[in-house]
Amino acid sequence: MWEDWLQHAHEKREEKYLQRTLTVTDDAVKPVVRRNGKRLINFSSNNYLGLADHPDIKKKMIAAVDQGAGATSSRLIIGHGSEIEQLEQEVAHFHGKEAALVIANGYMANLGVLSTLLSPQDAVFSDQYNHASIVDGIRLSGAKSFRYRHLNMDHLEKMLKRAQAKGYQKKLIITDTVFSMDGDWAPLNDLIMLKRKYDAALVVDEAHGVGVWGLQGQGLAHHLGTIQEIDLLLGTFSKAFGVYGAYVAGSKLWIDYLVNQMRSLIYTTGLPPTVIAGIRAALEQVQAGTILRSKLHSHYQYFHAQLRRIGFHTGLSQTQIIPIYIGENQQALQLSHQLFERGILAVPIRPPTVPVGEARLRFSLMASHEHDHLTYTLDLLEELWKKK
């Protein structure tokens, strides 16, 4: 029975052009990767500042091997090294918050924070394009979920009014700051106004904003001057930082509650010393990365403008994440394959990651891209566009 069911599921995915496979890719930290010996300009990485290949970060990770290969247990059982203590203080200072907590990865962070803070007596309000980890954290919490239309503050306010009338104990609004598949911004100032008006908490996920925005890369909330109104800020070290892990920052009261209640912290082993050392080195590079951010911003402004000139639909993107909206899964796969054959890695994004009928190619730009990488890709895209 199981084999028949699995085979049927496989066939249905193939019919809808939704079958995915794992692929060996070498040099994934670089702007040009290799697959089966083929060199490909890499537009499918979240290594926005190119730090995943930074020599100083790698050197400090190697040096930390002497501290051991692993953390050996949950931090609440074995404790933690002074490096983690210092890192959490540095992250809190980086964001202008009282405290911070390092967590295994971004998925575990969202899952843990939301399932810890919310209960079935509470209401949570989530942008419909929030990351899957936010969706799953809400499901696990059992809270009443209000999913508002993407960036639509009128729709959110109607839901807040409805929840207030029904007397939910606590209300929490959560949003990505930079949306991972569309490259647009959350309207943080409007969200803060609604948070105040309806006595809600505001939690933001800076996964794709931290490192890229803000004077020292603190994220979009800093860039927009809204950080003091954010109750909890989540971020990741696996994108612009180029390493691994995640964190949550807020007041001591909020962080203390998570330390004592969050299952994805309590029941999992801490990060190994090498990773902690890499994160601390990456944080230094991010804070000093003004030139890298400037180069990245220049790249996406140029690339975006040229895509629009050619005639591609890129939505509301205003960041290093630039989608080309295609529509149907088969067409997105076809364009991705055409680019691959000519030396460009731009993977198709299909449901359930994006809504049905909104398949796209997602171009993720990095500071380590050369200008020639961009012009070659744009010339090829224009050539393919004219053949439509």
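Up top is the structure these notes are about.
Below, the structure is looked at part by part.

Each value, and the rule that gives it
- Once a new chain begins, its residue numbering starts again from 1 and follows that chain's sequence as written.
- The predicted nature of this model means local features are confined to residues of pLDDT at least 70 and side-chain atom pairs, given and counted, to a pLDDT of 80 or more, with totals for whole chains, interfaces and linings taken over all residues.
- Excluding hydrogens and water, the side-chain figures rest on all heavy atoms present in the structure.
- Segments assigned H or I by DSSP are reported as helices when at least four residues long, segments assigned E as strands when at least two residues long, and all are numbered from the N terminus.
- When accessible area is computed with a 1.4 Å probe and restricted to protein chains, residues below 20% of their type maximum are described as buried, those above 50% as exposed, and intermediate ones as partly exposed.
- Pairs of residues are marked as contacts when any of their non-hydrogen atoms sit within 4.5 Å.
- Two strands pair if DSSP finds at least two bridges between them.
- Every angle, taken between N-to-C directions, lies between 0 and 180 degrees, and every axis is a line fitted to C-alpha atoms, over only the stretch in contact when it is a helix.
- Definitions used for this entry: grid spacing 1 Å over protein atoms alone; cavity, a set of points where a 1.4 Å probe fits but cannot get out; pocket, an open set with protein on both sides within 12 Å along at least 5 of 7 lines; lining residue, one with an atom within 4 Å of a point.
- Grid points are joined across faces, edges and corners, and a volume is the space filled by probe spheres set on the points.
- Each residue is assigned to one class: nonpolar for Ala, Val, Leu, Ile, Met, Phe, Trp, Tyr, Cys and Pro, charged for Asp, Glu, Lys and Arg, and polar for all the others, Gly among them.

## Quick look at the environment of His337
Phase 1 of the analysis: Tracing the sequence through the fold places His337 in helix α14 (residues 329–341).
Phase 2 of the analysis: Placed eleven residues apart in sequence, His337 and Pro348 show a C-alpha to C-alpha distance of 9.2 Å.

## Looking at the environment of Ile174
Phase 1 of the analysis: Here Ile174 shows up in strand β6 (residues 171–176).
Phase 2 of the analysis: Judged by relative accessible area, which is 0%, Ile174 ranks as buried.
Phase 3 of the analysis: In this structure Ile174 touches Asn110, Leu114, Val124, Phe125, Ser126, Asp127, Asn130, Ile134, Ile138, Tyr148 and Val203, once residues within four positions along its chain are discounted.

## Points about the sheet that holds strand β10 (residues 321–327)
Phase 1 of the analysis: Here three strands make up an open sheet; going across it, the order is β10-β13-β12 and the pairing antiparallel. Whereas interior strands pair on both sides, the edge strands pair on one side only; in this sheet they are β10 and β12 (348–349).
Phase 2 of the analysis: One ladder, built from six bridges, connects β10 with strand β13 (residues 359–364); its direction is antiparallel. Paired with Ile322 across the strands is Phe363, a residue of β13.
Phase 3 of the analysis: Across the sheet, α14 touches β10, β12 and β13, and the angle it forms with β13 is around 35°.

## Quick look at the layout of surface pockets
Phase 1 of the analysis: The calculated volume of the largest pocket comes to roughly 1,400 Å³.
Phase 2 of the analysis: What lines the largest pocket is a set of 49 residues, among which Arg35, Ser44, Val347, Pro348 and Ile349 lie closest to the centre.
Phase 3 of the analysis: Counting only elements with at least two residues in the lining of the largest pocket, the list comes to β1 (32–35), α5 (106–117), β8 (232–236), α14, β11 (344–345) and β12.
Phase 4 of the analysis: The calculated volume of the second largest pocket comes to roughly 440 Å³.
Phase 5 of the analysis: The residue inventory of the lining of the second largest pocket, partitioned by class, reads nine nonpolar, five polar and four charged.

## A few points about empty space enclosed by the protein
Phase 1 of the analysis: Applying the stated criterion to the full structure yields one cavity of 30 Å³ or more.
Phase 2 of the analysis: Counted as a void, the largest cavity has a volume near 90 Å³.
Phase 3 of the analysis: The wall of the largest cavity is formed by Arg75, Ile84, Val102, Ile103, Ala104, Ser264, Leu265, Thr268, Thr269, Gly270 and Leu271.
Phase 4 of the analysis: If you list the elements that add at least two residues to the lining of the largest cavity, you get β3 (99–103) and α11 (263–266).
Phase 5 of the analysis: Residue composition of the lining of the largest cavity, grouped by class: six nonpolar, four polar and one charged.

## Considerations on the pairing of strand β9 (residues 246–250)
Phase 1 of the analysis: Where burial is concerned, most of β9 is hidden: five out of the five residues are buried.
Phase 2 of the analysis: Taking every second residue as pointing to the same face, both faces of β9 are buried, with Ala246, Val248 and Gly250 on one and Tyr247 and Ala249 on the other.
Phase 3 of the analysis: Pairing between β3 and β9: five bridges, direction antiparallel. Residue pairing in the sheet places Val102 in a bridge with Tyr247 of β9.
Phase 4 of the analysis: Here five bridges tie β8 to β9, and the two strands are oriented antiparallel to one another. Directly across from Leu232, in β9, lies its bridge partner Gly250.

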